[in-house]
Amino acid sequence: MVATPLSFDPQRFFTHATGGHAGLLNIGYVAHGPDWCELRLPFRSDLIGDPARGVLASGPIVALLDMATSVSVWLKRGSFLPHATLDLRVDYLRPARAGCDVFGRGECYRVTRSIGFVRGIAHDGDAQDPIANVAGTFMYTGAPA
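Participant: I would appreciate a short explanation of the packing of aromatic side chains in the present structure.
Facilitator: Two aromatic rings are characterised by how far apart their centres lie and by the angle between their planes. Going through the model one piece at a time under the given rule, you end up with eight aromatic pairs. With centroids separated by 6.4 Å and ring planes inclined at 45°, the aromatic side chains of Tyr109 and Phe117 adopt a geometry described as tilted. Within the aromatic cluster, the residues linked to one another by ring pairs are Phe8, Phe13, Phe14, Trp74 and Phe80. Lying over the aromatic face of Trp36, Arg105 brings its terminal NZ or CZ to 3.8 Å of the ring centre. Arg119 extends its terminal NZ or CZ atom over the ring of Tyr109, reaching a point 4.1 Å from the ring centre.

Participant: In this structure, what is going on with the sheet that holds strand β6 (residues 102-111)? I would like to understand it.
Facilitator: Remark on secondary structure: sheet strands pair via backbone hydrogen bonds, oriented parallel or antiparallel. Reading across from one edge, β1-β2-β6-β7-β8-β5 is the order of the six strands in this open sheet, with antiparallel pairing throughout. Of all strands in the sheet, those bounded by a partner on one side alone are β1 (28-32) and β5 (83-92). Between one strand axis and the next, the sheet turns through 20° on average, direction left out of account. As defined by bridge partners, strand β2 (residues 36-41) adjoins β6 across six bridges and the pair is classed as antiparallel. Considered in β6, the bridge of Glu38 is made with Arg105. Those strands touched by helix α3 (residues 58-77) are β1, β2, β5, β6, β7 (115-123) and β8 (132-140), and its axis lies near 40° from that of β6.

Cut-offs used in this document
- Residues numbered from 1 in each chain as written.
- Predicted model: local features only at pLDDT ≥ 70, side-chain atom pairs only at ≥ 80, totals over all residues.
- Heavy atoms only, no water.
- Phe/Tyr/Trp six-rings, centres within 6.5 Å; stacked < 30°, edge-to-face > 60°.
- Lys NZ or Arg CZ within 6 Å of the ring centre and 35° of its normal.
- Pairing = 2+ DSSP bridges.
- Helix = DSSP H or I, 4+ residues; strand = E, 2+ residues; numbered from the N terminus.
- Axes fitted to C-alpha atoms, helices over the stretch in contact; angles between N-to-C directions.
- Contact = heavy atoms within 4.5 Å.

Take a look at the structure:
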């Protein structure tokens with residue numbers, strides 16, 4: 001008998017998550033739909049990459065976007081199934097504003113037998129003025145979709 005994967009609830013996942021980079025960065029749930037997820041990276045002084053300007057480092061923002069887009073694939077597939085980031089391109093448009101939380105919104109716009117295609121943005125309060133755009137792919141590491 002083959003076990004059926006459990007359906008994925010991102011709100012529950014982030015409420016109970018304590019480990020990994022999302023836990024270390026305190027990335028939290030904001031909202032989701034059938035193929036998208038929005039997460040929040042709280043501003044923390046230990047994540048500043050440019051002390052002169054008080055701007056968050058790029059690494060935590062990349063981690064936020066990787067997680068938001070990853071979750072969007074789980075939502076689109078309808079299950080928490082294993083996959084790996086195959087490609088993730090982040091185009092920075094501007095630095096995050098000092099002292100502001102950063103929001104990452106990822107959307108899975110297509111799934112195939114072995115790949116999930118994603119896009120999204122990071123912003124610091126105004127989605128019409130993004131910090132970065134992201135596009136990428138995730139490769140399934142488990143059973144075919």
